[in-house]
Amino acid sequence: MLRVAVLASGRGSNLRALVDAIGRGELAACIVGVFSDKAASGALALARAAGIAAIHVDPKTFPSRLDFDRALFEHVDASGADLIVCAGFMRILSPEVVAPRVARMINIHPSLLPNYPGLHTHQRALDAGDRDHGASVHVVIPALDAGPVIAQTRIAIAPGDTAESLAARLLPREHALLVQVVRWCSEGRLRFDAERVVFDERHLTGPLSAD
Ligand code: GRF
């Protein structure tokens, strides 16, 4: 059974998607802990309600970013997680904690990477006049939102779309995308590191589609 640690800072809708898929018997995984920098996050509340270990690590109690990151990952490592999922985790992690974990840490990002790493992705896609938008699950490397892209889901941008309508239409597709990638990991079909993704023993030349 794949042991999954989830890092989240916000409401936790991606976490809920994983919890619900597991509950429906559609994902052979076990969430061994939810870790957050935000005590009041929906993700921690969701974890507690689901009987999952909910660990808050407060950045304000550490003298440096690296000290916080090291403390956070001491907890993550103690959970025995095979896979670490960043799902709405809104902090940039130090290279020192990312580098040793690149083969088992993924992030869900609401854009068609490599387009629009960072924030405000929906508005940036609108401002650029893009016809399509989407979400990506990628390998976490020290550079922000820059690791090999594992899989993507794509939606059309409709006339009159706002950042809010686009985000709302994309979110359920993100959920399905993340569950699919974690499922592939649980089935042993997916391996990756900082440079490449291997799916069913084939090196990927581009992202898998979850659509
Ligand atoms: C999602 O759009 C996710 O792609 C991004 O953060 C947003 C909130 O995620 N990383 P969640 O609802 O907290 O899971």
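Keep in mind it's a predicted model, so treat the numbers as computed, not measured.

### Details of the nonpolar core
Item 1. If you look at the biggest cluster of nonpolar residues, it comprises 68 residues, and the most contacted ones within it are Val6, Ile106, Ile150, Val182 and Leu190.
Item 2. Considering every element that reaches this core, the biggest residue donor is helix 6 (residues 163–186), with 9 residues.
Item 3. Those residues within four positions of Ile106 in sequence are excluded, and the remaining contacts are Leu83, Ile84, Val85, Cys86, Val137, His138, Val140, Ile150, Leu178, Val181, Val182 and Phe192.

### Details of the site of the ligand
Item 1. If you check the shell around the ligand, you find Arg11, Gly12, Ser13, Asn14, Gly88, Ile108, Pro110 and Glu174 and nothing else.
Item 2. The separation between an oxygen atom of the ligand and a polar main-chain atom of Asn14 is 2.8 Å.
Item 3. Taking Ile108, its main chain carries an N or O atom lying 3.3 Å from a nitrogen atom of the ligand.
Item 4. Within the complex, 86% of the 360 Å² of free accessible area of the ligand lies under protein.
Item 5. Using a 2 Å cut-off from the grid points, one finds that the ligand occupies the largest pocket.
Item 6. A class-by-class count of the residues in the shell around the ligand yields 2 nonpolar, 4 polar and 2 charged.

### Things to note about the sheet that holds strand 8 (residues 190–192)
Item 1. Read across the sheet, 3 strands follow the order 8-9-10 without closing on themselves; strand pairing throughout is antiparallel. Each end of this open sheet is capped by a strand with a single partner; those strands are strand 8 and strand 10 (202–203).
Item 2. In this sheet, strand 10 lies alongside strand 9 (residues 197–199) in antiparallel orientation, the contact comprising 2 bridges. Bridging from a neighbouring strand, Phe199 pairs with Arg202 of strand 10.

### Comments concerning the pattern of salt bridges
Opposite charge on two side chains permits them to pair, given that their charged atoms come into close proximity.
Item 1. In this structure the tally under the stated criterion is 12 salt bridges.
Item 2. Linking Lys60 and Asp58 is a salt bridge whose minimum nitrogen-to-oxygen distance equals 3.4 Å.
Item 3. Here Asp77 ties to Arg101 by a salt bridge, and the two come within 2.6 Å at their closest N and O atoms. On the criterion of sequence distance, the pair formed by Asp77 in helix 3 (residues 65–78) and Arg101 in the loop between helix 4 (95–98) and strand 5 (105–109) is long-range, its members being 24 residues apart.
Item 4. Among the charged side chains, a network of salt bridges with common partners joins Asp77, Arg101 and Arg104.

### Points about the packing of helix 1 (residues 13–23) against helix 2 (residues 42–49)
Item 1. At a closest axis distance of 9 Å, the pairing of helix 1 and helix 2 adopts a crossing angle of 20°. It follows that helix 1 is roughly parallel to helix 2 by the angle criterion. Read as a crossing pair, helix 1 and helix 2 show a hand that is right-handed. Seen from helix 1, the contacting residues are Leu15, Arg16 and Val19; seen from helix 2, they are Ala43, Leu46 and Ala47.
Item 2. Partitioned by chemical class, the residues of the contact of helix 1 with helix 2 number 5 nonpolar, no polar and 1 charged.

### A short note on the layout of surface pockets
Item 1. Counted as a void, the largest pocket has a volume near 930 Å³.
Item 2. Contributing to the lining of the largest pocket are 34 residues, with Gly88, Phe89, Met90, Pro110 and Leu119 lying nearest its centre.
Item 3. With 4 residues, the top contributor of residues to the lining of the largest pocket is helix 6.
Item 4. Its residues assigned to classes, the lining of the largest pocket shows 18 nonpolar, 12 polar and 4 charged.

### Some remarks on the packing of helix 1 against helix 6
Item 1. Across the interface, helix 1 lies against helix 6 with an axial gap of 9 Å and an inter-helix angle of 50°. Judged by the inter-axis angle, helix 1 sits oblique to helix 6. Our pair here, helix 1 against helix 6, has a crossing hand that is right-handed. Here Ser13, Asn14, Ala17, Leu18 and Ala21 of helix 1 come into contact with helix 6, specifically with Leu171, Glu174, His175, Leu178, Val179 and Val182.
Item 2. Its residues assigned to classes, the contact of helix 1 with helix 6 comprises 7 nonpolar, 3 polar and 1 charged.

The rules behind the values
Residues numbered from 1 in each chain as written. Predicted model: local features only at pLDDT ≥ 70, side-chain atom pairs only at ≥ 80, totals over all residues. Heavy atoms only, no water. Core = buried A, V, L, I, M, F, W, Y, C linked by side-chain atoms within 4.5 Å. Buried < 20%, exposed > 50% of the residue type's maximum accessible area, 1.4 Å probe, protein only. Helix = DSSP H or I, 4+ residues; strand = E, 2+ residues; numbered from the N terminus. Contact = heavy atoms within 4.5 Å. Near = heavy atom within 4 Å. Polar contact = N/O pair within 3.5 Å; in protein donor to acceptor, adjacent residues only side chain to side chain. Areas by Shrake-Rupley, 256 points an atom, 1.4 Å probe, with all protein chains shown as cover. 1 Å grid on protein atoms, 1.4 Å probe; cavity = no way out; pocket = protein on both sides within 12 Å on 5 of 7 lines; lining within 4 Å. Sits in = over half its atoms within 2 Å of the grid points. Nonpolar A, V, L, I, M, F, W, Y, C, P; charged D, E, K, R; others polar. Pairing = 2+ DSSP bridges. Salt bridge = Lys/Arg side-chain N within 4 Å of Asp/Glu carboxyl O. Axes fitted to C-alpha atoms, helices over the stretch in contact; angles between N-to-C directions. Parallel < 35°, antiparallel > 145°, perpendicular 65-115°, else oblique. Left-handed = near helix turned anticlockwise from the far one by under 90°. Points joined across faces, edges and corners; volume = space filled by probe spheres on them.

Everything listed here is a matter of coordinates, which is why it stays silent on function.
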